[in-house]
Structures are given as C-alpha cells and as structure tokens.
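Listed below are the residues making up each chain.
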Amino acid sequence: MFAIDYQILVAAVLLFVGILSSKLSPRLGLPLLVLFLLVGMLAGEDGLGLAFDDASSAHALGTIALAMILFDGGLQTSMTSIRQVWKPAGFLATFGVAITAGVTGFTAAFILGLPPLVGLLIGAIVGSTDAAAVFSILRNAGLHLNPRLKSTLEIESASNDPMAIFLTVGLLELITAQMEPGWDLVVLFIQQIGVGAAVGLGIGWLAVKLINKIKLSAAGLYPVMVAVCGFLTFGISASLGGSGFLAAFIAGVFIGNNRFVLKRATFMFHDGLAWLSQIGMFVMLGLLVNPASLLKVWQEGLLIAVILIFVARPLAVAPFMGFAGFNRREIGLISWVGLRGSVPIILAIFPLLFEIPQAYLIFNVVFFVVLISATLQGSTLSWMARKLKLIEPAPVTPSATLEISALGDVNVDIVQYTLGESAKAVHRSLAELALPEGAVVAMMSRNDIVFPPRGSTVLLPGDHIFIVIKPGLRAFIDCIFSHTTSLSEAALASGELLLKGTARLEDIALSYGITLVGNQDESLDVMLKKQLGDAFSEGAVLKTTDAEMVIQSVRHNRAAAVQYTRLTD
C-alpha cells in the first residue's frame, strides 16, 4: 500500500465519523464544531495515535476551508440584510474586535506573565467571532430570532476576520521587528480592507456575467465554476496584499444576490462543500493539538476565557449597540453570541510560522479558550435566547423553496410553497387569488396526493404548491403564498405587476393590498371600461392619485393584462 492510500483511508474514516457525530449534537447539547474537534483529538497522538504536527499544512488546509465557508456564507446572505444592519455589524467587525482584543490581551499578558505585545497578540487572535460556528447554530439549529438581530450576528461573524488577521499579522511583525508602529500599520489596514473589498466586488461582477454568458458542455460544471471564482477571488486579493477572506465573502454576496444559471443547484453544491470544509478543518485542528499540553494551561486558559466572555465581549458590544437601537435583551444576546471557533485556532498557527518563543504556549491557550467559548456559549445559546425572551415563532415560510433556472435564455423559476396558517392563499380558491400574468400554478399536493390545480380548488394549510413564475414577480407571489404580509413600495413601483382583467377588485385588494375605486365585486376589466369610457383600448392609461394602470393587451374587447405601477414622489 502506498502512503497516500493509507492517508486517504484515514481521512475518509475521520470525515465519516465527523459526519456521524453531527447526529449527537442535539442530544449532547454541544455545538458541532466541538464534536468535530473532539473527533480529531481522540484520533490524535494521545488517542488512537495518529501523528499530525505540520503547522504549515494545517495553515494551508485551514485557509482553504475558511475561504470556502466564508464564500458560501456570502452566497446565502441577502443584500437586504446587509443594508439593514451594516452599521452595527460593521462596528462590531472593526472597533468591536479591537476592543475585545485589547481587554483580553492585557489580561492575558498579566495572567501568563508575558510582554504586553505578546499578550495583545493572544487578544487579537481570539478577537473575532467565528462565521462557521455562528452560521451553523443560527441557520441549522432552528433558532428563530428577529431578522435584524440575526443578520447583525451573521454579518459581524462573516466580516470581522480581516480585522483579527490585520491585528495578528501587525502585532507579529512588531514583535519580530519587521515593522515599526505607526503609519505602516495604517497602510496595512487600508490595504487589507480596500483591496479585499475592491477585488470581491470586481470578481463577483465578472463571475455573474461570465456564468450567464458561457455555454458549458455539462450542467455540473456551473456550480464548480462558481466555486473556482470564489477561490480565484481569494487568491487575487491575497496576492495583492488584501484580505482574501473579506474578498471571498463580498464576492459570494454579489454572486448570491444576482440571477445566474442553475442557482439553486449551485447553492446546494456549495452548502455541501462548506460542511465538508467545516468537518475537515475542525478534525484536522483537533489532530494538531496535544490534549496533555492543554492540561498544563487550563487554569490560565479558563481565566482568560472568563474575561473574554464576561468582560471583553460585553464591553465591546454594549456602548454602541444601544445607540444602534437594540434593547437591553438584544444587547445581552449579542454579547453572549461571541463564539470563537476555527479562525482563532488558524490564527494561533501564525506564531508557529513566525517562530516566536511563546508560539506553543499561545497555541495551547487559544485552543483551550476556543473550547470553553464554543462549549459554554454554543450549548447555552438557545437557553439564553429563551431567557431573554428573544425567540420568535417559526416564520410561515416554505419548507423548501426551489428555484430552478433553466439553461439558455428561458427566464423562469419553479417555486415551491408550503402553505402556513396565516398565508393569504389559505381557505381561498385559486380563482380568487388574482395571480398576475406570468404566474401559473403547475401542480399541487395534499396529504401525499398529487393533483392538477383548478380554478375552483380551495387551498388548505399544509398544501404544497408548485408555481412557474417570471423572476420579477417573486415579491408578489410571496405576498400571496408565503409569510410576507405586505408589499414594499419598491415592488409596487417596479411596474412588474401585470394584473389579469378578469381579477375582481376585492381579490386584488386581498392579495396585494391594492385598493381600487369601484364596486369590489366587479372585475378590473369592467372597472376600466367605466373609468375610461370611449378611451378604453390597448395602451390606454388610467391614473389615480397614487398609481397608474396601463392596458397591455385586449382580447375580445376585454382587458386581458393590465400593468399596475405605484407612483412615487
């Protein structure tokens, strides 16, 4: 057997055990990353005897895994969420990390008897929250928080790594006398953030254009191409001196918020890659540590972890979050969701690469702090959210929403909705929903029975509805079948809504919240004929105080499609 054969077998067994251990997470109340780390530690030298102490390989593999995790996190982050919370999340990702690093660092220097710069290095390494841990708990544990709070936590964790990396690298270069304090540090920070953001936006834009333009021979290559774009973004940014992690996240956000070929398949592919990256990275990091070494620093590590969790993180969160409009309970939860994970452990490898005298002490202390943080905060997050009364009922959203973008120029989606009790469509027939032109109910299922829809079919909670729609109609269809209760002014002003002339005014009002003047039992066609009189014809325009309706087509002297546009100032 070749050496690589054995290594493949060992890697496969460890990954397989890591995947199976995910089933124990809900039962034991431990975050997945802790279980994955334990799998690696049990397989290591003090367990099954597998030796792994190559810091360079661990750094390389960890960097690849983190890049994929952050890119996938960007793909699944909506631009709406970023616009909503960019100020508080941006503060936490920059000043919050610096404050946390400062408080923790001076404490570490005092507890461990280290020089101040080395203590601050420990603070910088553990200064950022971990995207993999936060995404895993908030997105996969069924914890329902209000959207603003959840988005703040997720976007902070995805965007604060560049600050931690900047502080870590800067302090290492100061300690090793490769850089002088002052202007050089400022230039390094601007370079990391500026280049990372520019490359992320540029490659993201080019990737969307290229993916939609190119005709690949196999459909399976499109998700792979998106992944390659993510790694390309990381590599270009890092080569130019920018933050590759920030660039990968921004590129992911840009790509994920645009339409491209096989988008849903791409999301599923990258979700699998992100899970593989998490499992592989945490198991590898567990192999890298020597459990016996952790026992030598458990007291110091525990004290540093207590200061980090109960003092440094709240001090970094509380002052600004109050001004940002969060209440005390929300500030308390933000302070508690300071989970440390893979990023600090990867950064703890940096001192080993720089070969500073305290490198192994730093690595062991950081690893212990991460274990305490992930175990304590991760396992009690749901409990804390309940105690603070921040858990909300599960939103009435589809159990699975399938967006299947066809190859070529076909520009439609097939969307599945699972009706909840509060959806507007419930207890109404399909004919009463005033579905717009460009939306067709293709199939329904109820109690495992699939049947073709009819206009007289009355919809019930739990029904599964499959609808073929044009992309611009998504907001209007969500308003009828999903949890959305009202339409935004932007959607109403987009001009995408084409109402059928046969739709009753009452049904239009119930479905979209659009109130039209006239007998509510009459159809839109009849109302337009009364309002326009002799001017009724294709292309005729009816203006009201707040909207404009244009007859797009007329069939058999009846308005077939009417464009509705909300007028804005």
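Residues numbered from 1 in each chain as written. Predicted model: local features only at pLDDT ≥ 70, side-chain atom pairs only at ≥ 80, totals over all residues. Heavy atoms only, no water.

1. Section: the overall build of the protein
Alright, step 1. Each helix and strand counted, the protein has 22 helices and eight strands in total.
Alright, step 2. Relative to its 569 residues, the protein shows a buried fraction of 52%.
Alright, step 3. Considering only contacts within the protein whose residues lie at least 6 apart along the sequence, 70% involve residues at least 24 apart.
Alright, step 4. Of the roughly 25,600 Å² of accessible surface on the protein, a fraction of 63% belongs to carbon and sulfur atoms. (Helix = DSSP H or I, 4+ residues; strand = E, 2+ residues; numbered from the N terminus. Buried < 20%, exposed > 50% of the residue type's maximum accessible area, 1.4 Å probe, protein only. Contact = heavy atoms within 4.5 Å. Areas by Shrake-Rupley, 256 points an atom, 1.4 Å probe, with all protein chains shown as cover.)

2. What about the nonpolar core?
Alright, step 1. Grouped together as the largest cluster of nonpolar side chains are 85 residues, with contacts concentrated most on Phe 363 and Phe 367.
Alright, step 2. Ranked by the residues each element gives to this core, the list is headed by helix 18 (residues 359-387), at eleven residues.
Alright, step 3. Setting aside residues up to four positions removed in sequence, Phe 367 forms contacts with Leu 37, Met 41, Leu 285, Gly 286, Val 289, Leu 294 and Ile 345. (Core = buried A, V, L, I, M, F, W, Y, C linked by side-chain atoms within 4.5 Å.)

3. A word on the layout of surface pockets
Alright, step 1. As a volume, the second largest pocket reaches approximately 660 Å³.
Alright, step 2. If you tally residues by element for the lining of the second largest pocket, the top one is helix 1 (residues 3-21), at eight residues.
Alright, step 3. Class assignment for the residues of the lining of the second largest pocket results in 18 nonpolar, four polar and no charged. (1 Å grid on protein atoms, 1.4 Å probe; cavity = no way out; pocket = protein on both sides within 12 Å on 5 of 7 lines; lining within 4 Å. Points joined across faces, edges and corners; volume = space filled by probe spheres on them. Nonpolar A, V, L, I, M, F, W, Y, C, P; charged D, E, K, R; others polar.)

4. Description of unusual backbone geometry
Working note: non-glycine residues mostly have negative phi, and peptide bonds are mostly trans.
Alright, step 1. Positive phi outside glycine occurs at Lys 389, with the angle close to 60°.
Alright, step 2. Of note, Lys 389 is situated in the loop between helix 18 and strand 1 (413-418).

5. Looking at the packing of helix 15 (residues 298-323) against helix 18
Alright, step 1. It is the contact of helix 15 with helix 18, at a shortest axis distance of 9 Å, that shows an interaxial angle of 50°. When the interaxial angle is binned, helix 15 and helix 18 end up oblique. Judged by the sense of rotation from one axis to the other, the crossing of helix 15 with helix 18 is right-handed. Contact with helix 15, carried on its side by Trp 298, Gly 301, Leu 302, Ile 304, Ala 305, Leu 308, Ile 309 and Phe 310, involves Val 365, Phe 368, Val 369, Ile 372, Ser 373, Leu 376 and Gln 377 of helix 18 and no other residues of that element. (Axes fitted to C-alpha atoms, helices over the stretch in contact; angles between N-to-C directions. Parallel < 35°, antiparallel > 145°, perpendicular 65-115°, else oblique. Left-handed = near helix turned anticlockwise from the far one by under 90°.)

6. Comments concerning the pattern of salt bridges
Any two side chains of opposite charge can pair, on the condition that their charged atoms come close.
Alright, step 1. For the structure shown, the criterion picks out eleven salt bridges.
Alright, step 2. Between Lys 529 and Asp 525 there is a salt bridge, with the nearest N and O atoms lying 3.5 Å from each other. Linking Lys 529 with Asp 525, this pair stays in helix 22 (residues 524-532), spanning four residues, or about one helical turn.
Alright, step 3. Of the residues examined, Asp 525 reaches a relative accessible area of 7% and is grouped as buried.
Alright, step 4. Residue Glu 548 is joined to Lys 543 by a salt bridge in which the shortest nitrogen-to-oxygen separation is 3.8 Å.
Alright, step 5. Three or more residues are tied together by salt bridges with common partners; here these are Arg 504, Glu 506, Asp 507 and Asp 521. (Salt bridge = Lys/Arg side-chain N within 4 Å of Asp/Glu carboxyl O.)

7. Brief notes about the sheet that holds strand 7 (residues 547-555)
Alright, step 1. Taken in spatial order, the four strands of this open sheet run 5-8-7-6, and their pairing is antiparallel. For this open sheet the edge positions go to strand 5 (497-500) and strand 6 (541-543), each flanked by a neighbour on one side alone. Averaged over neighbouring strand pairs, the angle between their axes works out to 25° when direction is ignored.
Alright, step 2. As defined by bridge partners, strand 5 adjoins strand 8 (residues 558-566) across four bridges and the pair is classed as antiparallel. Residue pairing for strand 8: Leu 497 is matched across the bridge by Tyr 564.
Alright, step 3. The strands that helix 22 touches are strand 5, strand 6, strand 7 and strand 8; relative to strand 8, the one it contacts most, it runs at about 80°. (Pairing = 2+ DSSP bridges.)

8. Some details on the sheet that holds strand 4 (residues 464-469)
Alright, step 1. Here four strands make up an open sheet; going across it, the order is 1-4-2-3 and the pairing antiparallel. Looking at which strands have only one partner, the edges of the open sheet turn out to be strand 1 and strand 3 (449-451). Strand-to-strand twist across the sheet, computed as the mean angle between neighbouring axes with direction ignored, equals 25°.
Alright, step 2. Sheet topology note: the strand 1/strand 4 ladder contains six bridges and is antiparallel. Bridging from a neighbouring strand, Tyr 417 pairs with Ile 465 of strand 4.

9. Things to note about the packing of helix 5 (residues 79-112) against helix 6 (residues 116-125)
Alright, step 1. It is at 7 Å that the axes of helix 5 and helix 6 come closest, and there the two elements cross at 130°. If you check the angle between helix 5 and helix 6, you find them oblique. Two packed elements cross with a definite hand, and for helix 5 against helix 6 that hand is right-handed. Contacts between helix 5 and helix 6 involve Ala 101, Gly 102, Thr 104, Gly 105, Phe 106, Ala 108, Ala 109 and Leu 112 on the former and, on the latter, Pro 116, Gly 119, Leu 120, Ile 122, Gly 123 and Ala 124.
Alright, step 2. Split by residue class, the contact of helix 5 with helix 6 holds nine nonpolar, five polar and no charged.

10. Overview of the environment of Ala 324
Alright, step 1. Mapped onto the fold, Ala 324 is located in the loop between helix 15 and helix 16 (328-336).
Alright, step 2. As for Ala 324 and Lys 87, which are separated by 237 residues in sequence, their C-alpha atoms are 7.9 Å apart.

11. A few points about the packing of aromatic side chains
Alright, step 1. Going through the model one piece at a time under the given rule, you end up with seven aromatic pairs.
Alright, step 2. The interplanar angle of 40° and the centroid separation of 6.1 Å between the aromatic rings of Phe 363 and Phe 367 together place this pair among those described as tilted. Linking Phe 363 with Phe 367, this pair stays in helix 18, spanning four residues, or about one helical turn.
Alright, step 3. For the ring pair Phe 476 and Tyr 512, a centre distance of 6.3 Å and an interplane angle of 80° mean the geometry is edge-to-face. Note that Phe 476 is positioned in helix 19 (residues 474-481) and Tyr 512 in helix 21 (residues 505-512), a separation of 36 residues in sequence.
Alright, step 4. Among the aromatic residues, ring-to-ring pairing joins Phe 91, Phe 95 and Phe 320 into one connected group.
Alright, step 5. Just above the ring of Phe 326 sits the side chain of Arg 148; from NZ or CZ to the centre is 4.1 Å.
Alright, step 6. Its guanidinium or amino end placed over the ring of Phe 536, Lys 529 lies 5.5 Å from that ring's centre, counting from NZ or CZ. (Phe/Tyr/Trp six-rings, centres within 6.5 Å; stacked < 30°, edge-to-face > 60°. Lys NZ or Arg CZ within 6 Å of the ring centre and 35° of its normal.)

12. What about a nonpolar patch on the surface?
Alright, step 1. A surface patch of nonpolar side chains, amounting to about 770 Å² of accessible area, comprises Phe 95, Ile 99, Trp 298, Leu 302, Val 306, Phe 310, Val 311, Leu 315 and Leu 376.
Alright, step 2. Counting residues per element, the ones that place at least two in the nonpolar patch are helix 5 and helix 15.
Alright, step 3. Residue contributions to the nonpolar patch peak at six residues, all from helix 15.
Alright, step 4. Residue position: Leu 302 is located in helix 15.
Alright, step 5. Residue Leu 302 is classed as partly exposed on the basis of its relative accessible area, which comes to 34%. (Patch = residues over 30% accessible without salt bridge, like charges linked within 9 Å, V, L, I, M, F, W, Y side chains within 5 Å.)

13. Points about helix 22
Alright, step 1. For helix 22, the complete set of buried residues consists of Leu 524, Asp 525, Met 527, Leu 528 and Leu 532. Down the axis of helix 22, the smallest arc covering the buried residues is 160°, so these residues share one side.
Alright, step 2. Among the structural elements, strand 5, helix 21, strand 6, strand 7 and strand 8 are those in contact with the buried residues of helix 22.
Alright, step 3. Within two residues after helix 22, Gly 533 carries a phi angle of roughly 60°, on the positive side. (Arc of directions from axis to C-beta.)

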